[in-house]
Amino acid sequence: MAWLTEQEAKAKRKTDIGPPHYSKMLPPVISKNYGKWKYHEVFTPGTMVHVAESGDKVYTVRVASPRILATESIRAMLDIADKYCDGYIRWTTRNNVEFMTTREENVPLIKKAAEDAGYPAGGIGSGLSNMVHTQGWVHCHSAAADASGLVKAIMDEVYPYFTEKKLPAKTRLALACCVNMCGAVHCSDLAVVAIHRKVPEINHDLVKNMCEIPTTIGACPTRAISPDPAKKSVKINPDKCMYCGNCFTVCPPIDIHRPEEDGVAIVVGGKVGSLRKGPMFSKLAIPYIKNNPPRWPEVVSAVKNILETYANDARKHERIGEWIDRIGWESFFKKTGIEFTYQHIDDFTFARDTFRTSAAFKW
Amino acid sequence: MKKYETPLLNELEKGPWPSFVKELKKAAKTSEMANDEVGQLEKSFRDKRGYWKHGGIVGVLGYGGGVIGRYSSLPNEFPGVAHFHTVRINQPSGMFYKTDSLRTILDLWDEYGSGLTNMHGSTGDMVLLGCRTEALEPLFAEVTSRGWDLGGSGSALRTPACCVGKARCEWANIDAMDICNDLTQTYQDYVHRPAWPYKFKFKIAGCAVDCVASIARADCSIIGTWKGNIAVDQDVVKDYAKAGMNINAEIVGMCPTGCMSYDGKTLTIDDENCSRCMHCISKMTKALRPTGERGASILIGSKAPIVVGSLLSWVIVPFMKMEPPYTELKELAEKIWEWWDDNAKPRERIGEVIELKGMRSFLEAIGVPPQPQQVLAPRKDPFFFWKDEDLNGKK
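Residues numbered from 1 in each chain as written. Chains lettered and ligands numbered in written order. Predicted model: local features only at pLDDT ≥ 70, side-chain atom pairs only at ≥ 80, totals over all residues. Heavy atoms only, no water.

Caption draft 1: Looking closely at the overall build of chain B. Each helix and strand in chain B was counted, giving 15 helices and 16 strands. Classification of the 395 residues of chain B by burial places 61% in the buried group. Considering only contacts within chain B whose residues lie at least 6 apart along the sequence, 65% involve residues at least 24 apart. In the form shown here, chain B has an accessible surface area of approximately 15500 Å², with 52% of it arising from carbon and sulfur atoms. Measuring between centres, the 49 positive side-chain charges of chain B sit 4 Å from its 50 negative side-chain charges. (Helix = DSSP H or I, 4+ residues; strand = E, 2+ residues; numbered from the N terminus. Buried < 20%, exposed > 50% of the residue type's maximum accessible area, 1.4 Å probe, protein only. Contact = heavy atoms within 4.5 Å. Areas by Shrake-Rupley, 256 points an atom, 1.4 Å probe, with all protein chains shown as cover. Lys, Arg positive; Asp, Glu negative; His and termini not counted. Charge placed at Lys NZ, Arg CZ, Asp CG, Glu CD.)

Caption draft 2: Region of interest: the interface of chain B and chain A. If you look at the interface, chain B gives 125 residues, while chain A gives 116 residues. On the chain B side of the interface with chain A, the three residues burying the most area are Trp17, Lys48 and Arg168 of chain B, jointly 9% of the side's total. Note that Glu98 of chain A is salt-bridged to Arg168 of chain B, the shortest N-O span being 2.8 Å. Between the two partners, chain B and chain A, sit 70 residue pairs in polar contact (both at pLDDT 80 or more). When residues of the side of chain B that touches chain A are assigned to their parent elements, the largest contribution, eleven residues, is made by helix H4 (residues 99-112) of chain B. Looking at the side of chain B that touches chain A residue by residue, the class counts come to 57 nonpolar, 31 polar and 37 charged. Of the strand pairs in this sheet, strand S4 (residues 68-70) of chain A and strand S6 (residues 116-119) of chain B are connected by three bridges, and their pairing is antiparallel. Each bridged residue has a counterpart across the sheet, and for Leu69 of chain A the counterpart in S6 of chain B is Thr117 of chain B. (Buried area = accessible area lost by both parts, 1.4 Å probe. Salt bridge = Lys/Arg side-chain N within 4 Å of Asp/Glu carboxyl O. Polar contact = N/O pair within 3.5 Å; in protein donor to acceptor, adjacent residues only side chain to side chain. Nonpolar A, V, L, I, M, F, W, Y, C, P; charged D, E, K, R; others polar. Pairing = 2+ DSSP bridges.)

Caption draft 3: Inspection of the sheet that holds strand S2 (residues 47-52) of chain A at higher detail. The strand order across the open sheet built from six strands is S1(A)-S2(A)-S3(A)-S6(A)-S5(A)-S5(B), with neighbouring strands paired in antiparallel fashion. Every interior strand has two partners, whereas the edge strands, strand S1 (37-44) of chain A together with strand S5 (96-98) of chain B, have only one. The sheet shows a mean angle of 25° between the axes of neighbouring strands, direction not considered. Pairing analysis gives six bridges linking S1 of chain A to S2 of chain A, with the strands arranged antiparallel. The partner of Val42 of chain A across the bridge, within S2 of chain A, is Met48 of chain A. (Axes fitted to C-alpha atoms, helices over the stretch in contact; angles between N-to-C directions.)

Caption draft 4: Inspection of the pattern of salt bridges at higher detail. What the rule picks out here adds up to 48 salt bridges over all chains. In this structure, Arg103 of chain B and Asp79 of chain A form a salt bridge, with 2.9 Å as the shortest nitrogen-oxygen distance. You can see Arg103 of chain B sitting in helix H4 and its partner Asp79 of chain A sitting in helix H3 (residues 71-84), one on each of two chains. A relative accessible area of 45% means that Asp79 of chain A is categorised as partly exposed. Among the ionic pairs, Lys112 of chain A bridges to Asp116 of chain A, the shortest N-O distance being 2.7 Å. Here Asp116 of chain A and Lys112 of chain A lie together in helix H4 (residues 106-116), a separation of four residues that amounts to about one turn. For Asp116 of chain A, a relative accessible area of 57% gives the class exposed.

Caption draft 5: Representation of the environment of Thr249 of chain A. Take Thr249 of chain A: it is sitting in helix H9 (residues 246-250). With 107 residues separating them along the chain, Thr249 of chain A and Ser142 of chain A place their C-alpha atoms 6.9 Å apart. In contact with Thr249 of chain A, other than residues within four places in its own chain, are His141 and Ser142 of chain A together with His54 of chain B. Only 3.0 Å separates the side chain of Thr249 of chain A from the side chain of His141 of chain A, close enough to count as a polar contact.

Caption draft 6: Broad picture of helix H6 (residues 176-186) of chain B. All names here are of chain B. Counting buried residues in H6 gives nine out of eleven residues, a clear majority hidden from the surface. For H6, every residue scored as buried is listed here: Ala176, Met177, Asp178, Ile179, Cys180, Asn181, Asp182, Leu183 and Thr184. Taken together, the buried residues of H6 touch S5, strand S8 (161-162), helix H7 (188-192), strand S9 (202-205), strand S10 (220-227) and helix H12 (327-343).

Caption draft 7: Looking closely at the confidence of the model for chain B. Predicted confidence across chain B gives a mean pLDDT of 96, with 99% of residues reaching 70 or more. Among the prediction metrics, the complex's ipTM stands at 0.96, with pTM recorded as 0.97. (pLDDT = per-residue confidence, 0-100.)

Caption draft 8: Main features of a nonpolar patch on the surface. All names here are of chain A. Nonpolar side chains collect at one region of the surface, where Phe340, Tyr342, Ile345 and Phe355 lie side by side and expose about 500 Å² of accessible area between them. With respect to the helices and strands, Phe340 occurs in the segment after helix H12 (329-336). Phe340 sits in the partly exposed class, given a relative accessible area of 48%. (Patch = residues over 30% accessible without salt bridge, like charges linked within 9 Å, V, L, I, M, F, W, Y side chains within 5 Å.)

See below:
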């Protein structure tokens, strides 16, 4: 294949056509039974069946993926789909891959083929699904930690909860490599969010040439940035700055990176479904753990500790947030052995709703 | 091709979970760009920091989004990632693919880019990770001439996303995939040409389980629901009990409204008190199903923390019928955008503007009356406004 010339590209290009219609992408059993499904049954964390009113069945094998995929790997998945699934494949909203077939005998074959290619089956039901994450050092300017590396290290450790072991309820892990949170970290059962901890340093000589001052001032959520006319630059009020890095995004000479101070916080107890308690935000469990690549052992063991404390203590069908609501945050800190610090006490937008207004609590 | 020593990244090729490092290295076998991505990433792991500059303005002619500029801050050391732009390809609703259709994109990406992808990005697009500025126009022509298009970025309508919906889920109350596709096609101009104060996202979930995190991640959350009773198949309830389910503890005892009872033989639901949370239905899917009218609850405003704290979406329209061509939904969306555009400062999401201007001002502007379903509780303080029309008894 050769690149199109400028003229060829101009002649060929179309605009505003949108994506292909989904009906062209559906396996025949899905098209036939669209909107007419009766029930489903989960066999294992990696396999399930959906049964239609017509009696038709579609078996699904769900497999893990690291989200970053080389074209070569996707082709290997497509080959499996051609061999066993009549040439159709699907991705889930949590970056898992789904192979669907009407032939039950294909299920173990698909599972084996995917596992041989390096993508193990799992992620359905009361356990872990894939960990949603962001770009990290692979591709983002504002990352305070890597994303894929932390996810790989964490998922290696809690792997059995993806493939076979049960938890009290489904548990959604997520990771964001900065507070922009390009992923549902703020409403996940257990999530890692990378943070900066120091006021950025300004290279004033470069600010003059590279940055628009009003935009830079406007980017700050806490109004910590003001003009510095003498230097034709800006200054930052250290009492107001909470290190979000928004200014760095619009003005690169305001450098937020501090490799020895950057790291991650761990938040827990969020969910998005309305089941039982309704959607919940994740709350701060651990304010800071240093970056320790390539495998971040301190973060991995903190995640495992929270997950296993929950697994041992929660009632069936209780999500992490529901479990903590029932036992109380004071018990959460006691049972997990996590230290409670000033950082845990809110002083931002909704602080007063989080202070205790009852004399009933636990020791 | 330059050979990089990667002792730190090599550690992440070990272990049972699929390795992103293996993926990077697969692409690096044939792509200089992917190879330099590996080299730069190893340096990031060593120095504990990223080496990317924020993107400048790059894109394709006539569009203001769909491509996110990305440049290495170390272009001399890693020339392959000097340009490493992201191209967002709008996914088909539901993320089903015919294999030959997806192969077309892969072949093009090997030719024009790094061979690295994200399947998928957080908003739902297929993300092609890493190409040079001069590749954008020819790649765009190749992609669009084969029936695909770019997704949204910047202060635009972001690529709408949905759950699997009626394609393979018995709980879907609305045709999430069709609504998603319809909105995407109707508002192509808003997707491709950023014209708003900030981003705006639609996510469509078939039920309150919300597999697309619509209530947490969409400025406009469309969540399927019903008005009617839950039909109970008592024989199947007995099967669940026989199979070992403790119906009183797991179903009745966990019902948030206490609207269920079970005497060991019959499961009874007081439907008037049911809040349709989906707990019982999700645990006893063979025995319980909604009946009656189907539609969606429309919620507004959710977002991640930047700038003034994260928000979950708020109910504005408790129930709306969802039949093609979804005119009522579109009219509502257009009123929402008009009010937002009139009232927002740059980089203010709709939820933040509602907080600043007040929910009343917003609801009046979009023509939605006050209803108790919109609030958890009425206000507790006695500080409230009266307008002339309230005093004149017009409202």
